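# A closer look at the structure
Here is how the chains run, residue by residue.
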Amino acid sequence: MKKIILFFSLTVVCFACSKEKLYRYQDDFELYLKEVHQLKESDFEESIFYVLDIESCSCSELNLKSLSMLLTSNNLVLITVGKSKIWENYKSKLNHFTILEDSTGKVHRYETGLGKPLLLHYRNQEIIYYQNVIDPEVAKASAYILNPN
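One structure accompanies this document, and this report is about it. All of these numbers come straight from a predicted model, not from anything done at the bench.

## Re the nonpolar core
The biggest cluster of nonpolar side chains holds 21 residues, and the ones touching the most others in it are Phe 29, Tyr 32, Leu 33, Phe 49 and Ile 79. Here this core takes four residues from helix H1 (residues 26-37), the largest share from any one element. With residues up to four places along the chain from it excluded, the contact list for Leu 33 reads Gln 38, Leu 39, Phe 44, Phe 49 and Ile 79. In this structure, Tyr 50, Ile 54, Tyr 90 and Ala 141 belong to the second largest nonpolar core, which totals 20 residues.

## Some details on the sheet that holds strand E3 (residues 98-102)
Across the sheet, which stays open at both edges, the five strands sit in the order E3-E2-E1-E4-E5 with mixed pairing between neighbours. This sheet does not close on itself; its edge strands, each paired only once, are E3 and strand E5 (126-132). On average, each strand axis in the sheet is inclined to that of its neighbour by 15°, with strand direction left out of account. Judged from the six bridges that link them, strand E4 (residues 118-123) and E5 form a sheet pairing that is antiparallel. Counterpart to His 121 in the pairing with E5 is Tyr 129. Lying on the sheet, helix H2 (residues 60-68) is in contact with strand E1 (46-53) and strand E2 (76-81); it crosses E1 at an angle near 145°.

## Examining unusual backbone geometry
In this structure, Gln 38 is a non-glycine residue whose phi angle is positive, near 55°. Here Gln 38 shows up in the loop between H1 and E1. Located in the positive-phi region is Gln 125, a residue other than glycine, with phi close to 65°. With respect to the helices and strands, the residue Gln 125 is situated in the loop between E4 and E5.

Cut-offs used in this document
- Residues numbered from 1 in each chain as written.
- Predicted model: local features only at pLDDT ≥ 70, side-chain atom pairs only at ≥ 80, totals over all residues.
- Heavy atoms only, no water.
- Core = buried A, V, L, I, M, F, W, Y, C linked by side-chain atoms within 4.5 Å.
- Buried < 20%, exposed > 50% of the residue type's maximum accessible area, 1.4 Å probe, protein only.
- Helix = DSSP H or I, 4+ residues; strand = E, 2+ residues; numbered from the N terminus.
- Contact = heavy atoms within 4.5 Å.
- Pairing = 2+ DSSP bridges.
- Axes fitted to C-alpha atoms, helices over the stretch in contact; angles between N-to-C directions.

If you want it as structure tokens, here you go:
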């Protein structure tokens, strides 16, 4: 007589426990904002962060020009990374936004996915939209900033 032994494995997935984030680098990005720019949890209630590496991105002038055409956006936080003569030309045109400068590039110590400019929209401390702003999509990013709903 043969004995057949079956083993069953029961895997339980807790969807509430392992909620996948829209932007996979959210934890490191928030750590960067807290450690480098001293932001608090409350700063993530309703903010749009636009991270622009003005030193190594050849598209920085295109992005800065597009942002300078936006007359208002009370919840936009522009984070510039590095130093650039181009930035000095646009800085005064963008002073109606909250500007955080990371002139030494500390953002690169964190895993943020920053390559091209990065647009992150927080609502209630969660990222509801993100975009790596490639050159042909600069206008799309500006349109989103103006009408994020």
